[in-house]
Amino acid sequence: MKKLTAILFLTVVGLVVAQNNNGLPASAQQAMNSIDPEKIRATVKYLSDDSLQGRGTGQKGGDMAADWIAQQFKSYGLQPAGDNNSFFQNVKFYGIRTDQQKTQFVFVPKSGAPINLKFAQDYVATDETHSPQSQIDAPLVYVGYGINAPEYKWDDYKGADLKGKVLLMLVNEPPSDDPNFFKGKALTYYGRWTYKYEEAARRGAAGVILIHKTEMASYGWEVVRNSWGGESSFLQEEKEPKLKSAGWIQLEVARKLAQAAGMDLDTMMKDATSRNFKPVELPVRVKATIVSNVRTFSSRNVIGKVVGSDPKLRDQAVLYTAHYDHLGIHPDEPGDNIYNGAADNATGCGIVLELARAFAGAAQKPKRTVLLAAVTAEEQGLLGSKYLGQHPPIPARNISLDLNYDDVQPLGEPQQVVVSGAERTTTYPLVRKVAKDFELSIQPDDRPEAGHYYRSDHFSLARVGIPSFSVNEGALFKGHDLAWGENKEKDYVANRYHQPSDEYRPEMDFTGDATVARFGFALGWQAAEQPQLAGWQPGDEFEKARKNSQAKSGF
Ligand SMILES: [Zn+2]
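What follows concerns the overall build of the protein. Broken down by element type, the protein carries 16 helices and 22 strands. Taken against the 2.2 N^0.38 rule, which gives 24 Å for 555 residues, the C-alpha radius of gyration of the protein at 25 Å falls within 12% of a compact globule. By its C-alpha atoms, the protein is 100 × 50 × 50 Å across when sized along the principal axes. Across the 555 residues of the protein, 59% fall into the buried class. Of the contacts made within the protein by residues no fewer than 6 positions apart, 83% connect residues no fewer than 24 positions apart. As displayed, the protein offers around 22900 Å² of accessible surface, 51% of which is attributable to carbon and sulfur atoms. One finds the centroid of the 63 positive side-chain charges in the protein at a distance of 5 Å from the centroid of its 67 negative side-chain charges.

In structure tokens form, the structure reads like this:
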């Protein structure tokens, strides 16, 4: 009897220990615990140093970052998963930089003086067609939100002929609290500027002018100006139609424009919130000459792998991603013009490198293969990840999950984790379990209207059907109240986000970066062990892409 009790006792202790191990075998637990915040610091310090010149896509600093990350992968013992048995996946781009001196942009109203716009101050524009010079002399048509969404019975275009015209439109989508209408407060892809440019180009428009309003765009004019002020990149292999002028104007300029057209901007904005809205041709022509410096170049995704232990399941994978690019140097700007991108996204790179080291160092490997990718050209519109999604080293249908890291603030020990979009996938019960194991609560998306889901690389992978989301910290940190974390976030957005001041500082605390790395390790490990590949919840916008990829034997 005593013996039996002892055995029972040992079994119970064994179970308890197993549970404390987050459901991971001892070797995985050990590997996970090796994730080191100071190593993340070292990566951030190195990648955001001035010598890496802001890691611009197609700039020297970006290439240096890619080389360095590949070296780290190699030193950790990862196997190459890029082209020709290398760590690199070559991606070909057009680089387009608008010549701010030679480019002209004028609104010519039927009556009254023409409005000459000043680049950067009043407007920004990129010629997506990659020709060195494009002329526009076209009517200006106001198309409200510029959205055609059959599933919400919304069509701003109403069949209007827009070939060769310039479309003036609002950023974002019709406001709503109804979850069944453009997902209520949450922003859908229809609200993103990328969708708006794509849709207008499909309709043969010559150009798009988005009206910038901080509350609607969820970021200030400086962000637009800085993002459009440098070089923009486009995938060479893309065959979709493109705009001669893809741009934005300041709210005040839009007001002046409306006035010159004998209209009122507030009324125009209000009209756009109705289903009955129809495109309005303004009594204004757009006369523009867009002069661009165009070059072709290559940039690289860096991809390594840790091959799975199960001979059958190793053809399937769990993927981790983080972009290594940032905005580079803006030579035209006075003062500090190096966009170091310490938080965005040297932090994500530091995390993925630690994940790489931990998986490679695990005595026993998970059943499925683990892919780790540092991708390029995120700041150019998620292009490196778009290319990766279309050319994955393992077919997309066989990739169970992508966990992405982007801009994980070095603020200390988080008590909340953000996994927005996870609830859309079948992995969610596991996500909740892992969060519980880590004593982290799941923070709901506090600003669903900002459409974060469509603003980082996991979206590129979701578009090809892979269940994907980003992992980040919430606003509640140990030793502080919620307001502290929220203020930190506000301060970052106002003073450092996409600015040269996003720099490494010694007081940065990478404890939380390590925590979300371990969280992702535990989650990814268990996803790599599950009998089934992950999928999307029924009816989700990406379910179709998943089914299509699984129906094909290609990608
Ligand atoms: Zn980023």
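So, on to the sheet that holds strand E22 (residues 472–473). Across the sheet, 3 strands lie side by side as E20-E19-E22; this open sheet has mixed pairing. The open sheet has two free edges, formed respectively by strand E20 (441–442) and E22, since each of these has just one partner strand. Sheet topology places strand E19 (residues 416–418) next to E22; 2 bridges connect them, and they run antiparallel. Pairing of Val418 across the sheet is with Asn472, part of E22.

A separate point is unusual backbone geometry. Most peptide bonds adopt trans geometry, and most residues besides glycine take a negative phi value. Asn345 follows Asp344 through a cis peptide bond whose omega is 5 degrees. On the secondary structure map, Asn345 appears in helix H10 (residues 342–361). Within the chain, Ala377 stands out as a residue other than glycine whose phi angle is a positive 55 degrees. Considering the arrangement of structural elements, one finds Ala377 in the loop between strand E17 (369–375) and helix H11 (383–390). Note on Ala377: relative accessible area 0%, which makes it buried.

Another aspect to go through is empty space enclosed by the protein. Under the defined criterion, the tally for this structure stands at 2 cavities of 30 Å³ or more. Size it by volume and the largest cavity reaches roughly 120 Å³. Along the walls of the largest cavity sit 14 residues, with Gly230, Glu231, Leu327, His330 and Gln380 positioned nearest its centre. By residue class, the composition of the lining of the largest cavity is 2 nonpolar, 10 polar and 2 charged.

Moving on to the pairing of strand E9 (residues 166–170). Burial of E9 is extensive: 5 of the 5 residues sit out of reach of the surface. A two-sided burial pattern is seen for E9, the buried positions comprising Val166, Leu168 and Leu170 on one face and Leu167 and Met169 on the other. Two strands pair when backbone bridges link them, and strand E6 (residues 133–142) and E9 are joined in this way by 3 bridges, in the parallel orientation. Following the sheet pairing, Leu140 is matched in E9 by Val166. With 5 bridges joining them, E9 and strand E10 (residues 207–211) adopt parallel strand pairing. Residue pairing in the sheet places Leu168 in a bridge with Ile209 of E10. Assessed by its sense of winding, the connection that carries the chain from E9 through helix H5 (residues 193–202) to E10 is right-handed.

Cut-offs applied
Residues numbered from 1 in each chain as written. Predicted model: local features only at pLDDT ≥ 70, side-chain atom pairs only at ≥ 80, totals over all residues. Heavy atoms only, no water. Helix = DSSP H or I, 4+ residues; strand = E, 2+ residues; numbered from the N terminus. Rg over C-alpha atoms; globule rule 2.2 N^0.38 Å. Buried < 20%, exposed > 50% of the residue type's maximum accessible area, 1.4 Å probe, protein only. Contact = heavy atoms within 4.5 Å. Areas by Shrake-Rupley, 256 points an atom, 1.4 Å probe, with all protein chains shown as cover. Lys, Arg positive; Asp, Glu negative; His and termini not counted. Charge placed at Lys NZ, Arg CZ, Asp CG, Glu CD. Pairing = 2+ DSSP bridges. 1 Å grid on protein atoms, 1.4 Å probe; cavity = no way out; pocket = protein on both sides within 12 Å on 5 of 7 lines; lining within 4 Å. Points joined across faces, edges and corners; volume = space filled by probe spheres on them. Nonpolar A, V, L, I, M, F, W, Y, C, P; charged D, E, K, R; others polar. Right-handed = clockwise from strand over helix to strand, strands pointing away.

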